[in-house]
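# Structure at a glance
Below are the chains, spelled out letter by letter.
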Amino acid sequence: MTKAIVLTGITTTGTPHLGNYVGAIRPAIAASKDPQFAPFYFLADYHALIKCHEPEKVRQSSLEIAATWLALGLDTSNAVFYRQSDVPEIMELAWMLTCVTSKGLMNRAHAYKASVAENEESGENDPDKGITMGLFSYPILMAADILMFNANKVPVGKDQIQHIEMARDIAGRFNHIYGEHFALPEAVVDEHGATLSGLDGRKMSKSYNNTIPLFEPEKKLRKLINKIKTNSLEPGEPKDPNGCTLFSIYQAFATPNEVALIRQRYAEGIGWGEMKQTLFEHINEQIAPARDRYDALMQAPEHIEAELQAGAKKAREISVPFLAELRKAVGIAKISL
């Protein structure tokens, strides 16, 4: 049986938080243990340079993300776990793909259009002010990440579907010119995937500065949970769990039976202080073992590096011969008689 190749990239610009865990990391860890899949997970450190020009932040984020995934039980015997920058063939492929990608396609990228619109709305004479070629050509590098390993499926949020469609277009164009080399990837969107609210009730996101880091120490975790905004209803007054940040986070970590019991407690008028304590205890109990492993890994970066190098070796066993094939296809070769 041929395994489906599933690929996920993690941009190294922040500390993993609860929203990352329930939305992306938890299902990816489960997939890493599924023998039906050949998962590829990578630290997208070159992608990080598009928006982050702080070297130490990129390095620290790479360390924290790798430690997080390993602490949570990533099965590196089945999954290939590597750092993007350790597979130089990806960057060479990105240039090959750039040379067959139309500027018109890149003009339609959501991130680029949003930046142009922001400039125009602010009255800038130059609609491209502040827009780097990294931002503009980001979908091509993403295509190279995917096509380098001929990934069949790419789990993404709805806002990333366009990039997978672009990767398909780019692969199709390359295949048309140089012959069939790339499989056409498919976006996988979990319509029922959990999206957590943050401290202020908006979607939990680094850009909103409203996140709860996944492996905060107990005291800091409790303090952050206590900061979550609630309404002014008093203990004893019935409360609506729908739209409640505390309930939505609890639901992402609880069994259906546990959720049903808490829903009943809302109807009975549970106090916000009691609910925050319940949420803290529930999350802390679940993540404590992984947090201990995370703390140990952060004290042993050489172990993390060894895992990443082992993953890069497995990745390059695929990328090196494949790039040689692609070079030959495009005419990049030594002179011979």
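Now for a description of the structure that goes with this document. (Residues numbered from 1 in each chain as written. Predicted model: local features only at pLDDT ≥ 70, side-chain atom pairs only at ≥ 80, totals over all residues. Heavy atoms only, no water.)

Looking only at helices and strands, the protein chain has 14 helices and five strands in total. Over its C-alpha atoms the protein chain spans a radius of gyration of 22 Å, differing by no more than 12% from the 20 Å that the globule rule assigns to 337 residues. Dimensions of the protein chain, computed from C-alpha atoms along their principal axes, come out at roughly 85 × 50 × 40 Å. Of all 337 residues assigned to the protein chain, the portion counted as buried reaches 46%. Pairs at least 24 residues apart make up 77% of the contacts formed inside the protein chain by residues separated by at least 6 positions. Here the protein chain has roughly 17500 Å² of accessible surface; of this, 53% comes from carbon and sulfur atoms. One finds the centroid of the 36 positive side-chain charges in the protein chain at a distance of 1 Å from the centroid of its 41 negative side-chain charges. (Helix = DSSP H or I, 4+ residues; strand = E, 2+ residues; numbered from the N terminus. Rg over C-alpha atoms; globule rule 2.2 N^0.38 Å. Buried < 20%, exposed > 50% of the residue type's maximum accessible area, 1.4 Å probe, protein only. Contact = heavy atoms within 4.5 Å. Areas by Shrake-Rupley, 256 points an atom, 1.4 Å probe, with all protein chains shown as cover. Lys, Arg positive; Asp, Glu negative; His and termini not counted. Charge placed at Lys NZ, Arg CZ, Asp CG, Glu CD.)

Following the criterion strictly, the structure yields 12 salt bridges and no others. Here Arg327 makes a salt bridge to Glu92, at a shortest N to O gap of 2.7 Å. Here Arg327 is found in helix α14 (residues 301-330), whereas its partner Glu92 is found in helix α4 (residues 89-98), with 235 residues between them in sequence. In this structure Glu92 comes out as partly exposed when scored by relative accessible area, which is 28%. Put simply, Glu218 and Arg291 hold a salt bridge, and the shortest N to O gap is 3.8 Å. Taken together, the residues Glu218 in helix α10 (residues 218-226) and Arg291 in helix α13 (residues 272-298) connect sequence positions 73 residues apart. On the basis of relative accessibility, which here comes to 43%, the residue Glu218 falls in the partly exposed class. (Salt bridge = Lys/Arg side-chain N within 4 Å of Asp/Glu carboxyl O.)

Within strand β2 (residues 37-44), seven of the eight residues are buried, which leaves the element mostly enclosed by the surrounding structure. As judged from the eight bridges shared by strand β1 (residues 4-11) and β2, these two strands associate in the parallel manner. The residue bridging Ile5 from the neighbouring strand is Ala38, located in β2. For the handedness criterion, the β-α-β arrangement of β1, helix α1 (residues 18-32) and β2 is classed as right-handed. As paired strands, β2 and strand β3 (residues 80-83) are joined by four bridges and run parallel to one another. Counted as the bridge partner of Tyr41 is Phe81 from β3. (Pairing = 2+ DSSP bridges. Right-handed = clockwise from strand over helix to strand, strands pointing away.)

This brings us to the nonpolar core. Core analysis: the biggest nonpolar cluster contains 53 residues, and Trp69, Ile212 and Ile249 have the highest contact counts within it. Those elements that place two or more of their residues in this core are α1, β2, α3 (55-71), α10, α11 (245-253), α12 (256-268), α13 and α14. Here this core gets 10 residues from one element, more than from any other, and that element is α13. Of all hydrophobic cores here, the second largest spans 49 residues; its members include Val80, Met148, Met166 and Ala167. (Core = buried A, V, L, I, M, F, W, Y, C linked by side-chain atoms within 4.5 Å.)

By themselves, these figures tell us nothing about what the structure is for.
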